[in-house]
Number of protein chains: 2
Amino acid sequence: MTSLLIDNLAQYASPVAPAPARGSALREVEVVTGAAIAIVDGRIAACGPRDQVLRDHGDLPVHDAGGCAAIPGLVDCHTHAAFGGDRAGEFDLRSQGAGYEQIHAAGGGIAASVRDTRAAAADGTLGPLLDRHLAWMAAAGTTTAEVKSGYGLDRDTELAMLDAAAAGHPIEVAPTFLGAHAVGPEWDDADDYLTFVIKRVMPQAAVRAEAADVFLERGAFDRDQAERYLRAAAGHGLVLRLHADQFSQAGGVGLAIELGARSVDHLEATGPEGVAALAASDVAAVMLPACVIMLDLPRPPARELADAGAIVALATDFNPGSAFCHSLPLVMSLACMQLGMSPAEALVACTVNAAWVLRRGDRLGRIAAGYDGDVVLLDSDDWRHAAYHLGGPAVAGVIKAGRRL
Amino acid sequence: MTSLLIDNLAQYASPVAPAPARGSALREVEVVTGAAIAIVDGRIAACGPRDQVLRDHGDLPVHDAGGCAAIPGLVDCHTHAAFGGDRAGEFDLRSQGAGYEQIHAAGGGIAASVRDTRAAAADGTLGPLLDRHLAWMAAAGTTTAEVKSGYGLDRDTELAMLDAAAAGHPIEVAPTFLGAHAVGPEWDDADDYLTFVIKRVMPQAAVRAEAADVFLERGAFDRDQAERYLRAAAGHGLVLRLHADQFSQAGGVGLAIELGARSVDHLEATGPEGVAALAASDVAAVMLPACVIMLDLPRPPARELADAGAIVALATDFNPGSAFCHSLPLVMSLACMQLGMSPAEALVACTVNAAWVLRRGDRLGRIAAGYDGDVVLLDSDDWRHAAYHLGGPAVAGVIKAGRRL
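None of the values given here were measured: they were computed from a predicted structure. (Residues numbered from 1 in each chain as written. Chains lettered and ligands numbered in written order. Predicted model: local features only at pLDDT ≥ 70, side-chain atom pairs only at ≥ 80, totals over all residues. Heavy atoms only, no water.)

Peer 1: Report on the pairing of strand 3 (residues 43-49) of chain B, specifying residues and quantitative values.
Peer 2: All names here are of chain B. Sheet analysis places strand 2 (residues 29-40) next to strand 3, joined by six bridges and oriented antiparallel. Paired with I37 across the bridge in strand 3 is C47. The loop that links strand 2 with its antiparallel partner strand 3 comprises two residues; one of these, D41, has a positive phi angle of about 50°. (Pairing = 2+ DSSP bridges. Helix = DSSP H or I, 4+ residues; strand = E, 2+ residues; numbered from the N terminus.)

Next comes the structure, spelled out in structure tokens:
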């Protein structure tokens, strides 16, 4: 916990509404010019026009922002950042015409990452690999990230992934148990595998994780299987999340609402009924534009969800197969260029709403008194460069709880 | 001119065929593992398996690449990197539904950059702004870039842009005279403006530039006007290039072939006849996927051009309006994800073929003896991460003519 005065900001931009921001609040970003931010013991004590802030906090150690713009520390609410190996070879093949589902069916895809992640967990390199990925994310402005398990699909590796996520990191990590990412390679039957996961892995996973997630999709788990897994997770007190509607509508939105899940993620295949149902619910709609680009998927109905009043969030989906992308600023760019969102909506979706998905909306995602001192300094005097500068370098500095990373 | 031994490369990847690579040569990338590259007086003296290279060049000063992969220095053959101001506000508006042509017609678009660039040229900040942009490009692996004029549209600013481009820079710059980017704001008539440009600006621009370029498009210049401008430029000994087929097919491909232009750039609207004509010609097809993403344009027929045997190149189109993107690795990612190109094709298109567009194909774009010592070290042991890692950080180091940037 550190104290710091961030002085000489050309401006800072912050979501106005507390979490979750929906409807008109999704577009509401306050821009304060000639600003300063006072962080005391890791929390924002004051922020606003610099004269006002300096009156009470002029004695803090100063970080001179040199006339740049600032935004809240970014929150990445959907990542698979703990993995071994990469899938550059698969990327190469896919660029020459092989389909994602084809590769998946042929034993590539998730199966390849399961092999590599098990090997990394066994030889002690999984933690350093996760640290490397988190360092990339932090350099791009992410100060809090979710990290899922799901490349183990056996007891030891799933727990090792969660332990790696829960270990101390320069940024804050929220671990999610994704034991139902795919059927473990040792299992012929999805139901048998789920029985194993629920009985043999989940009790210990629940001690380490905050949430549970399932991949509801043809080729992975169906609606009934997802329900069984999630009800068991709820019994352990875990927050519920779903990967759904990525390639097909298989009931994930309805199940998420029925079970009171915190979010349903992907939504590339979601139609008007799903949009209306989500808008009328308290389930967040998490969209993943890097995956959309990398797999060349149909675009999720971001504009429709925002206009209908859904709780909209954005995330990287950072993973070695379908989104080898750690950068939330790039996700913001893609959301504006491909999904019809404005820079303000993209900012809210990557900050306060993403924090809400991770149940940290009361203290993360805004530059406001009482919130954590998580601030991203941009390489521009206009905060919109975070989305406008396609491919960065948008980020000039990152501060987590008052400490420079 | 510096001498250097780049040792301990996990691998390097280089286009096999000399420029221009077309047909099957567009896909041919040689990967040498356990490699080293010896650069003597700025040129590659030897490259290959490290034992062979060290035998003759073991006495050179060593840069230990630490097991990373390398590719040739990237060549960005289409940029508007000399500009004042930005257009983040326009980006914001467009993300809320305003069209590019709408913004252009309303006096935004190029007109805004003309105002800001004239101001920067007048107050002496244009050079530092270009340096800033070139530094971003270099950090992303670009060792040679084209820089166009075209935001002056008056005599003094057009020449100031070319002077800024021709000044000494850490990377190599090829200046292009784009006096026919748009009709200057002081002129009511496009033909009168062209007469001014050809008579009053081009003679001095031709001393500073290597090439001339024109924007052939509805709202800019038509085919006859483009021909008049380009024939005048040819009379001054300038290489000819065209912006064409971005929004509509207005005869640019045919004109480029008729005049023996070096390249025709954009091609988002090019149909099968244009593809066939380009494939049968020696005019390079330069595609700009960052612009495609940022304006959400139809995709250019990259796969068709490659398969038909055209000389295919890729570039950033770095500019403040339609492609605020300096990064060729990101362009390579987008080419693989959105345009159906493979990592190998994207590499050839950003190296040896882009060098050919800039008439430097005999010495840039390959890791081969006799070529300039321009090498990009990647943050991976697999060169394909240059395209696979969406949003980087793919680049670990950049060497220009044997000197670390």
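Peer 1: So, the domain arrangement of chain A: which residues are in play, and what are the values?
Peer 2: Many authors give the size of an interface as the accessible area that is lost as the parts come together. All names here are of chain A. One can read the domain layout of chain A as domain 1 (4-72 + 366-404) and domain 2 (75-357). Inter-centroid distance (C-alpha atoms) of domain 1 to domain 2 is 29 Å. Between domain 1 and domain 2, the contact holds 33 residues from the first and 32 residues from the second. In this assembly, domain 1 packs against domain 2 so that about 2,400 Å² is buried in total across both faces, 69% of it on carbon and sulfur atoms. When the buried surface of domain 1 facing domain 2 is broken down by residue, R22, L26 and K400 rank first, second and third, together holding 27% of it. If you look at where domain 1 meets domain 2, you find two salt bridges. One salt bridge in this structure joins D282 and R22, with 3.0 Å as the shortest N-O distance. Inspection of the region where domain 1 meets domain 2 yields nine residue pairs in polar contact (both at pLDDT 80 or more). (Domains from an automatic or database assignment. Contact = heavy atoms within 4.5 Å. Buried area = accessible area lost by both parts, 1.4 Å probe. Salt bridge = Lys/Arg side-chain N within 4 Å of Asp/Glu carboxyl O. Polar contact = N/O pair within 3.5 Å; in protein donor to acceptor, adjacent residues only side chain to side chain.)

Peer 1: Describe the pattern of salt bridges, with residues and values.
Peer 2: Residues and elements named next belong to chain A. Taken as a whole, this structure holds 58 salt bridges over all chains when the rule is applied. K148 serves as the salt-bridge partner of E146, at 2.8 Å between the closest nitrogen and oxygen. According to the relative accessible area criterion, K148 is buried, its value standing at 1%. In this structure, R231 and E258 form a salt bridge, with 3.4 Å as the shortest nitrogen-oxygen distance. A residue pair is termed long-range when its members are at least 10 positions apart, and R231 in helix 8 (residues 223-235) and E258 in helix 9 (residues 252-259) qualify at 27 residues. For E258, a relative accessible area of 46% corresponds to the partly exposed category. Members of the salt-bridge network, linked through shared partners, are R43, E172, E210, R360, R363, D372, D374 and K400. (Buried < 20%, exposed > 50% of the residue type's maximum accessible area, 1.4 Å probe, protein only.)

Peer 1: Can you tell me about the environment of H385 of chain A, naming the residues and giving the values?
Peer 2: Within the secondary structure, H385 of chain A sits in helix 16 (residues 385-388). The exposure class of H385 of chain A is buried, given its relative accessible area of 9%. Remark: the alpha-carbon pair of H385 of chain A and A21 of chain A, spanning 364 residues in sequence, is separated by 22 Å. In this view, H385 of chain A contacts S380 and A394 of chain A together with D86, A88 and F324 of chain B; residues no more than four positions away in its chain are not counted. Only 3.5 Å separates the side chain of H385 of chain A from the side chain of S380 of chain A, close enough to count as a polar contact. A distance of 2.8 Å separates polar atoms of two side chains, one belonging to H385 of chain A and the other to D86 of chain B.

Peer 1: An account of the packing of helix 8 of chain A against helix 9 of chain A is requested, with residue identities and associated values reported.
Peer 2: Geometry of a packed helix pair, given as the angle between the helix axes and the separation of the axes. Residue and element names in this part refer to chain A. Relative orientation of the contacting elements helix 8 and helix 9 amounts to 25°, with a least axis distance of 10 Å. By the angle class used here, helix 8 and helix 9 are roughly parallel. Crossing angle aside, the handedness with which helix 8 passes helix 9 is right-handed. When helix 8 is examined against helix 9, the residues R223, A226, E227, L230 and R231 are found in contact with a partner set consisting of G254, L255, E258 and L259. Taken together, the residues of the contact of helix 8 with helix 9 sort by class into four nonpolar, one polar and four charged. (Axes fitted to C-alpha atoms, helices over the stretch in contact; angles between N-to-C directions. Parallel < 35°, antiparallel > 145°, perpendicular 65-115°, else oblique. Left-handed = near helix turned anticlockwise from the far one by under 90°. Nonpolar A, V, L, I, M, F, W, Y, C, P; charged D, E, K, R; others polar.)

Peer 1: Outline the packing of helix 6 (residues 155-166) of chain B against helix 7 (residues 190-208) of chain B, listing residues and values.
Peer 2: All names here are of chain B. Across the interface, helix 6 lies against helix 7 with an axial gap of 10 Å and an inter-helix angle of 20°. With respect to helix 7, the element helix 6 is oriented roughly parallel. Both helix 6 and helix 7 take part in a crossing whose hand is right-handed. Across the interface between the two elements, R155, E158, L159, L162 and D163 from helix 6 touch F196, R200, V201, Q204, A205 and R208 from helix 7. For the contact of helix 6 with helix 7, a count of residues per class yields five nonpolar, one polar and five charged.

Peer 1: Outline the sheet that holds strand 6 (residues 74-76) of chain B, supporting the account with residue identities and numerical values.
Peer 2: Residue and element names in this part refer to chain B. Spatial strand order, 6-7-8-9-10-11-12-13: eight strands in an open sheet with parallel pairing. Only two strands of the sheet have a single neighbouring strand rather than two, namely strand 6 and strand 13 (312-314). Here the average twist between neighbouring strands, direction ignored, is 25°. Where strand 8 (residues 172-180) lies against strand 9 (residues 211-215), three bridges are found, and the strand directions are parallel. If you follow F177 over to strand 9, its bridge partner there is A212. Against the sheet, helix 13 (residues 328-338) engages strand 6, strand 7 (142-148) and strand 13, with an angle of about 85° to strand 6.

Peer 1: Report on the interface of chain A and chain B, specifying residues and quantitative values.
Peer 2: Every contact between the two is made by 39 residues of chain A and, on the other side, 39 residues of chain B. Where chain A abuts chain B, roughly 3,500 Å² becomes buried across the two surfaces, and 61% of that area is made up of carbon and sulfur atoms. Broken down residue by residue, the surface that chain A buries against chain B is led by F91, Y388 and L390 of chain A, which jointly contribute 20%. The interface formed by chain A and chain B includes six salt bridges. Here D296 of chain B ties to R299 of chain A by a salt bridge, and the two come within 2.8 Å at their closest N and O atoms. If you list the elements that add at least two residues to the side of chain A that touches chain B, you get helix 2 (88-95), helix 5 (126-139), helix 11 (289-295), helix 13 (328-338) and helix 16 of chain A. By residue class, the composition of the side of chain A that touches chain B is 19 nonpolar, eleven polar and nine charged.

Peer 1: Could you give an account of the relation of the copies chain A and chain B, with specific residues and numbers?
Peer 2: One copy of the chain maps onto the other through a rotation about an axis plus a displacement along that axis. Laying chain A over chain B is done by rotating through 180° and shifting 0.0 Å along the axis; what remains is an RMSD of 0.0 Å. Expressed as a symmetry operation, the mapping of one chain copy onto the other fits a two-fold axis. Taking C-alpha positions as the reference, the residue of chain A nearest the rotation axis is G391 of chain A, at 2.7 Å. A share of 100% of the interface residues of chain A reappears at the interface of chain B, consistent with the copies meeting face to face through the same patch. (Least-squares fit on C-alpha atoms with pLDDT ≥ 70 in both.)

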